[in-house]
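Given next are the chains, with one letter for each unit.
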Amino acid sequence: MFTSVDDVSARLAETGYLASPAVATTVFLAGRLGKPLLVEGPAGVGKTELAKAVAQVAGARLVRLQCYEGVDESRALYEWNHAKQLLRISAGRDETWDEARTDIFSEEFLLTRPLLTAIRGDDPKVLLIDETDKADVEVEGLLLEVLSDFQVTVPELGTIAATRRPFVVLTSNASRELSEALRRRCLFLHIGFPDEELERRIVRLRVPGLDEALAHSVVRVVGALRAMDLRKVPSVAETVDWARTLLALGAGSLDETVVRATLGVLLKHQDDVLKASAKLDLDAL
């Protein structure tokens, strides 16, 4: 997939994803070793975007499993099309059960979900298991089976093994601790907030109409907000949104009026807005 760490950096940059050396190195190793990549970090720092960028540069299909509380095997792996099966049974009233069963438990009636979709076929795929920490613990057992052998057993059809392994990215906001068994099967990468220089480059890349001076001011203000004790500090995604907001408003520089009027783009709780309004000192930045 990639020939070197520098190749990762260069090709991801072509998609608009600026990878730090740690990110580029871990992505290269995950591809070279064929290991799933577990990416942890706060929301909005580019974990999901990393998987999308890898799929784009590799010319691979992105298969996404969005995790949430209550997601189960039928949503993650496969289920049978029961309505279609009932229609098939009704249409063959003169058949024996053994005859009908052979037909209704076939590929025609199988509904593949993301995990099974990712391991079937010969086309290149990137499997994104997004927000893994939001899924129930029981789902981790299912992931262990799939990520260990890249095969799935469907009792009625047998074992389906991958002929071409997907590049796997699991993301987590660390809202709960993932099992050690799952972590052992993955390479680990933590993506935190970027340093000031990298974030400024990201902003200039994503908001090309923003001049250098304003980009510098935007990143400095966001850094000051992250240093405060807020319920939800602004992420990189919010930094980019704020830069686009300022550009849309035609703001050539930051002043108290503009900042206070647009804090809702960066902060998502009223008590955070009030605290930032009281503590933020633009003259000191």
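Computed from a predicted model, the values in this text were never measured in an experiment.

What counts, and where the lines are drawn
Residues numbered from 1 in each chain as written. Predicted model: local features only at pLDDT ≥ 70, side-chain atom pairs only at ≥ 80, totals over all residues. Heavy atoms only, no water. pLDDT = per-residue confidence, 0-100. Helix = DSSP H or I, 4+ residues; strand = E, 2+ residues; numbered from the N terminus. Pairing = 2+ DSSP bridges. Axes fitted to C-alpha atoms, helices over the stretch in contact; angles between N-to-C directions. Parallel < 35°, antiparallel > 145°, perpendicular 65-115°, else oblique. Left-handed = near helix turned anticlockwise from the far one by under 90°. Contact = heavy atoms within 4.5 Å. Patch = residues over 30% accessible without salt bridge, like charges linked within 9 Å, V, L, I, M, F, W, Y side chains within 5 Å. Areas by Shrake-Rupley, 256 points an atom, 1.4 Å probe, with all protein chains shown as cover. Salt bridge = Lys/Arg side-chain N within 4 Å of Asp/Glu carboxyl O. Lys, Arg positive; Asp, Glu negative; His and termini not counted. Charge placed at Lys NZ, Arg CZ, Asp CG, Glu CD.

K.L.:
Teacher, can you tell me more about the confidence of the model for the chain here?
P.N.:
Parts of the model with low pLDDT should not have their predicted coordinates read in detail. Of all residues in the chain, 96% have pLDDT values of 70 or greater, and the mean over the chain is 92. The lowest-confidence element of the chain is helix H6 (residues 97-104), averaging 69 in pLDDT; the highest-confidence one is strand E1 (residues 37-40), averaging 98.

K.L.:
Is there a simple way to explain the pairing of strand E7 (residues 158-161) in this structure?
P.N.:
Moving residue by residue along a regular strand, the side chains alternate between the two faces of the sheet. Relative to E7, strand E6 (residues 151-154) is paired through 4 bridges, and the arrangement is antiparallel. Pairing of Val 154 across the sheet is with Gly 158, part of E7. Hairpin connection of E6 to E7: 3 residues between the antiparallel strands.

K.L.:
Where do I start with the packing of helix H10 (residues 196-206) against helix H12 (residues 236-249) in this structure?
P.N.:
Helix-helix packing is described using two parameters, namely the angle between the two axes and the distance between the axes. For the pair H10 and H12, the least separation of the axes is 10 Å and the interaxial angle reads 50 degrees. On the basis of the axis angle, H10 is oblique to H12. In this structure, the crossing between H10 and H12 has a hand that is right-handed. Contact residues: H10 offers Glu 199, Ile 202, Val 203 and Arg 206, while H12 offers Val 236, Thr 239, Val 240, Ala 243 and Arg 244.

K.L.:
Looking at this model, I keep getting lost on a negative patch on the surface. Mind explaining?
P.N.:
Taken together, the side chains of Asp 72, Glu 73, Glu 145 and Asp 149 make up a negatively charged region of the molecular surface. With respect to the element layout, Asp 72 can be found in the loop between strand E2 (61-66) and helix H4 (73-76).

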